[in-house]
Amino acid sequence: MDPRQNDQLLIALRHASRELAQRRSIRDLEQTLQEIVTSAVHTVPGVDAGSISITEHGRIETRHPTSEVIRKLDETQSELRQGPCIEAIEDPPESGIVVAQDFAGTDAELWPRFAPRAVDAGFRALLSTQLSTNGGPRAALNLYSHAPDAFDEHSRTMAGLFGVQAALLLYGAGQATHLQKAVDSRDLIGQAKGILMERFSIDGEAAFQMLVKSSQDTNMKLTAVAGWLTSRKPGSTGTGINSETPG
């Protein structure tokens, strides 16, 4: 690898890492993903366009395509259930990288329905890198090229590094979401306990037992019971929860 390319790659990845450390919201997550796509397109040799595909509610959706043409090509792969992007997400090789070097050549046999669409759109090659980590969303970084045979070993290595960066970002965002939900649930249950403690002049343990018993009796989740209780208008009579606690 050329020393200048080494520097270019390191600068791009360091920039992405700094951005990752500063992100705190879903909006920030999307901005960072877009920056990773943009950096990969500008840094990986032979790449002319890119996007990220991610599985949402059983459907593969496109995020941050560099053009509407790319969005349509990604959507076409999703509709046909065929193409490097789909393979990278659903059945990737051990390397996690799926490469089509020429959709007008032998690769047309691998993806016979998608390949002609890519060629008609002006793209001959596509490299898709799996972004998934255990417990994270299934996703892929897609890098398109107008030229055939555009992706050599160097390109694959660089694409893989950007893929690792995006995968860690997605995994971290998922973990942060789970933690935030846990914190929100704890706060909600704490508010509900406070209401019961004041209403029935009981301690925190007894209030929690009331919530648990109500959850069991109604077959509702504990957080749902707490949410119902905290949503009652101030001054409304009664809580609808029996003050008897399990013995």
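Residues numbered from 1 in each chain as written. Predicted model: local features only at pLDDT ≥ 70, side-chain atom pairs only at ≥ 80, totals over all residues. Heavy atoms only, no water.

Novice: Report on the nonpolar core, specifying residues and quantitative values.
Specialist: Among the nonpolar cores identified, the biggest contains 25 residues, and Val44, Leu131, Leu141, Leu143 and Phe151 are the most heavily contacted of them. Elements represented by at least two residues in this core include exactly α2 (26-43), β1 (49-56), β3 (97-100), β4 (125-130), β5 (139-145) and α7 (153-200). Looking at this core, the element that brings in the most residues is α7, giving six residues. With residues up to four places along the chain from it excluded, the contact list for Leu143 reads Ala40, Val41, Val44, Val47, Ala49, Gly50, Ala125, Leu126, Leu127, Phe151 and Ala159. Listed in part, the 20 residues of the second largest apolar core include Ala49, Ile86, Phe114 and Ala115. (Core = buried A, V, L, I, M, F, W, Y, C linked by side-chain atoms within 4.5 Å. Buried < 20%, exposed > 50% of the residue type's maximum accessible area, 1.4 Å probe, protein only. Helix = DSSP H or I, 4+ residues; strand = E, 2+ residues; numbered from the N terminus. Contact = heavy atoms within 4.5 Å.)

Novice: An account of the sheet that holds β3 is requested, with residue identities and associated values reported.
Specialist: Across the sheet, five strands lie side by side as β2-β1-β5-β4-β3; this open sheet has antiparallel pairing. Edge positions in the open sheet fall to β2 (59-63) and β3, since each of these has one partner strand only. Each adjacent strand pair in this sheet contributes to an overall mean axis angle of 20°, direction not counted. Sheet topology places β4 next to β5; six bridges connect them, and they run antiparallel. Within the sheet, the bridge partner assigned to Ala125 lies in β5 and is Ser145. (Pairing = 2+ DSSP bridges. Axes fitted to C-alpha atoms, helices over the stretch in contact; angles between N-to-C directions.)

Novice: Explain helix α9 (residues 222-230) residue by residue, including any values.
Specialist: Residues of α9 that are buried include every one of Val225, Ala226 and Leu229, and no others. One side of α9 carries all its buried residues, which in axial view fall inside an arc of 95°. (Arc of directions from axis to C-beta.)

Novice: Before we move on, could you go through the pairing of β4 and cite the residues and values that matter?
Specialist: The element β4 is extensively covered by neighbouring structure, given that five of its six residues are classed as buried. Across four bridges, the pairing between β3 and β4 is antiparallel. Of the residues in β4, the one forming a bridge with Val98 is Ser128.

Novice: Please give an account of the pattern of salt bridges that cites residues and values.
Specialist: By the definition in use, this model includes four salt bridges. The salt bridge partner of Arg71 is Glu68, with a shortest N-O separation of 3.2 Å. Residue Arg71 and its partner Glu68 are both found in helix α3 (residues 68-80); the two are separated by three residues, about one turn of the helix. For Arg71, a relative accessible area of 27% puts it in the partly exposed group. With a relative accessible area of 48%, Glu68 lands in the partly exposed category. Between Glu90 and Arg81 there is a salt bridge; the shortest N-O distance is 2.1 Å. (Salt bridge = Lys/Arg side-chain N within 4 Å of Asp/Glu carboxyl O.)

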